[in-house]
Amino acid sequence: MNVVTEQPANAETPLQLQRGVITPNELFFMRNRFSFPQIDTSTWRLEIGGEVERTVSLTYRELLSMPSRSLTVTLECAGNGRTGMNPPAEGEPWQYGAASTAEWTGVPLAFVLEGVGLSEGVTEIVAEGHDGGHVSDARGEEPFARSLPVPKAFHPDTLLAYAMNGEPLPDEHGAPVRLIVPGWYGMASVKWLKRIHAIRGHFDGYFQVDRYVFVEPGDGGLHRPVTEIAVRSIITTPHDGATAHLGNHLVRGLAWSGAAPVESVEVSVDGGQTWQPALWTSEPSRYAWRAWEFRWDATTPGPVILASRARDAAGNTQPETITWNELGYGNNAIQRVAVQVGGEV
Ligand SMILES: Nc1nc2c(c(=O)[nH]1)N[C@H]1C(S)=C(S)[C@@H](COP(=O)(O)O)O[C@H]1N2
Ligand SMILES: [Mo]
């Protein structure tokens, strides 16, 4: 892993080790606000309460006995690509490896919410993790907690996940149970679940309103919340700064979008002046990235800038540059990979 910070543990998936669609658990990127808790599964309980008809407290065994489903989902940190922002933005200096893909298995959150029955007027479902600590001088201590609007919480693909690539969730990825909110940036997928509660009105926790919002010049203090993953593609080979021999190469990469399935990827071998279509090498998927490749014939020695640009079925494409925002979220601008061509075949 490419370590970003040791404590708390934050690390990227090395792009050159990401082969195919699935990321092995031990290479899956890690994003932790606090040092991660280690929870005893045998005594763990998930409390589901707040504005509900009857509060329940679920054990791990009870959850495992409920109807489950498996979905292949790409998680991407909203700060992925932050180092590409100009001027630099506040936050962890993520390059392009704060995104990974796993097959998640769990119980639809809707199944559990239907079991408790929401009171009238409930608008959001808050998910709280076991981790927490000092967040700011104004706020003091808070747990990691996030809310979902009721329709997203009831979406059949929003899961209380207990398995990752067919194995129990590893501690660092939220054991024993985490949320998986497909199509949304990673902050929504709350790890180490402790409590789910239904509320009327808007949740105003630190990680809801002070973080994971686009703080943009001229927004007058009305910050848009970070939600759906913006369309993006990355080049996994060659890597930035690589040298390439004259002749034929396969440029490989991945493409995804939270809004709609990705439809096409184009590649440029001249720094973005001209574009040609890449070919898919993995199946279409609603929530997972797709792998692609592009045959590149390096004909002249010297520096080359490679770039890729994805488009999704909703018509979104990657911009040259994004509107700068203070916390450095959602930078899906076209990535540029510098390669030095030279030498013999
Ligand atoms: N409880 C809790 N859940 C959390 C976080 C956290 O710090 N604590 N980080 C969030 C963020 S910002 C991201 S990007 C994803 C990362 O999930 P991963 O570490 O399994 O890759 O978890 C989310 N869920
Ligand atoms: Mo994140």
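Up top is the structure.
What you see as residue numbers is a count from 1 along each chain, following the sequence as written. For this description, chains carry letters from A and ligands carry numbers from 1, given in the order in which they are written. Two thresholds apply to this predicted model, a pLDDT of at least 70 for residue-level local features and 80 or more for giving and counting side-chain atom pairs, whereas whole-chain, interface and lining totals are computed over all residues. Side-chain metrics in this entry use all non-hydrogen atoms of the structure; hydrogen atoms and water are not considered.

Another point: the environment of Gly-106. Along the chain, Gly-106 falls in strand β6 (residues 99-108). When its relative accessible area of 0% is taken as the criterion, Gly-106 is described as buried. Residues Gly-106 and Met-66, 40 residues apart in the sequence, show an inter-C-alpha distance of 8.8 Å. Working rule for contacts: check all heavy atoms of both residues, and any pair within 4.5 Å makes them a contact. When sequence neighbours within four positions are dropped, the list of residues in contact with Gly-106 reads Pro-67, Ser-68, Arg-69, Leu-159, Leu-160, Ala-161 and Tyr-162. Strands here are runs of E lasting at least two residues and helices are runs of H or I lasting at least four, both read from the DSSP assignment and numbered beginning at the N terminus. For every residue, the accessible area obtained with a 1.4 Å probe (protein chains only) is divided by the maximum for its type, and the residue is called buried under 20%, exposed over 50%, and partly exposed between those limits.

This part is about helix α2 (residues 109-116). For α2, the complete set of buried residues consists of Leu-109, Ala-110, Val-112, Leu-113 and Val-116. Projection of α2 onto a plane perpendicular to its axis shows the buried side chains occupying an angular sector of 160°, all on one side. Directly after α2, the chain includes Gly-117, whose backbone phi takes a positive value near 70°. Each C-beta atom gives one direction from the helix axis, and the arc is the one those directions make.

Pairing between two strands is assigned when DSSP locates at least 2 bridges connecting them. If you walk across this open sheet you meet the five strands as β4-β3-β12-β7-β8, and the pairing is mixed. One side of each edge strand has no neighbouring strand; the edge strands of this open sheet are β4 (56-59) and β8 (140-149). Adjacent strand axes in the sheet meet at a mean angle of 30° when their direction is disregarded. Of the strands in this sheet, β3 (45-50), β4, β7 (124-136) and β12 (193-199) are in contact with α2, which crosses β3 at around 55°. A fitted line through C-alpha atoms serves as each axis, taken over the contacting stretch for helices, and the angle formed by two N-to-C directions is quoted from 0 to 180°.

Our focus in this paragraph is the nonpolar core. In this structure, Leu-63, Leu-160, Leu-193 and Ile-196 are the most contacted members of the largest nonpolar core, which totals 57 residues. At four residues, α2 tops the list of elements feeding residues into this core. The source of the domain bounds is an automatic or database domain assignment. For this core, the two domains that each supply at least three residues are domain 1 (2-225) and domain 2 (232-341). Ignoring sequence-local partners within four residues, the contact set of Leu-160 consists of Leu-46, Leu-63, Thr-105, Gly-106, Val-107, Leu-109, Val-112, Val-177, Arg-178, Leu-179, Leu-193 and Ile-196. For this analysis, a nonpolar core means a set of buried residues of the types Ala, Val, Leu, Ile, Met, Phe, Trp, Tyr and Cys, connected via side-chain atoms within 4.5 Å. Membership of the second largest hydrophobic core comes to 19 residues, among which are Ile-235, Val-251, Phe-294 and Val-341.

Okay, the packing of aromatic side chains next. Within a pair of aromatic rings, the relevant descriptors are the distance that separates the centres and the angle that separates the planes. Note on aromatic contacts: the rings of Phe and Tyr and the six-membered ring of Trp form a pair at centre separations within 6.5 Å, being stacked when their planes are under 30 degrees apart, edge-to-face when over 60 apart, and tilted otherwise. Overall, the coordinates contain ten aromatic pairs when judged by the stated rule. A ring pair is formed by Phe-29 and Trp-94, whose centres lie 6.4 Å apart and whose planes are at 85°; its orientation type is edge-to-face. In this pair, Phe-29 sits in the loop between β2 (10-12) and β3 while Trp-94 sits in the loop between β5 (69-76) and β6, placing the two residues 65 residues apart along the sequence. Overall, the relative accessible area of 0% leaves Trp-94 in the buried class.

So, on to the site of ligand 1. Taken together, 18 residues sit near ligand 1, with Phe-29, Asp-131, His-173, Arg-178 and Lys-191 positioned nearest. Each polar contact in these results corresponds to two N or O atoms within 3.5 Å; when the atoms are within protein, one needs to be able to donate a hydrogen and the other to accept it, and residues that are neighboring in sequence are counted only if both atoms are side-chain atoms. Within the backbone of Phe-29, a nitrogen or oxygen atom sits 2.7 Å from an oxygen atom of ligand 1. Within the contact set of ligand 1, a nitrogen atom lies 2.7 Å away from a side-chain nitrogen or oxygen of Asp-131. Here, Shrake-Rupley sampling with a 1.4 Å probe gives the accessible areas, and only protein chains in the shown set may cover a residue. Protein burial of ligand 1: of its 530 Å² of free accessible surface, 100% is covered by the chains. Whether a residue is near a molecule or strand depends on its heavy atoms: it is near if one of them lies within 4 Å of it.

As a further point, take unusual backbone geometry. Cis geometry is adopted by the peptide bond preceding Pro-87, which originates at Asn-86 and carries an omega value of 0°. Relative to the elements of secondary structure, Pro-87 occurs in the loop between β5 and β6. Of the consecutive residues Thr-237 and Pro-238, the connecting peptide bond is found in the cis state with omega at -5°. Relative to the helices and strands, Pro-238 resides in the loop between β15 (232-237) and β16 (242-244).

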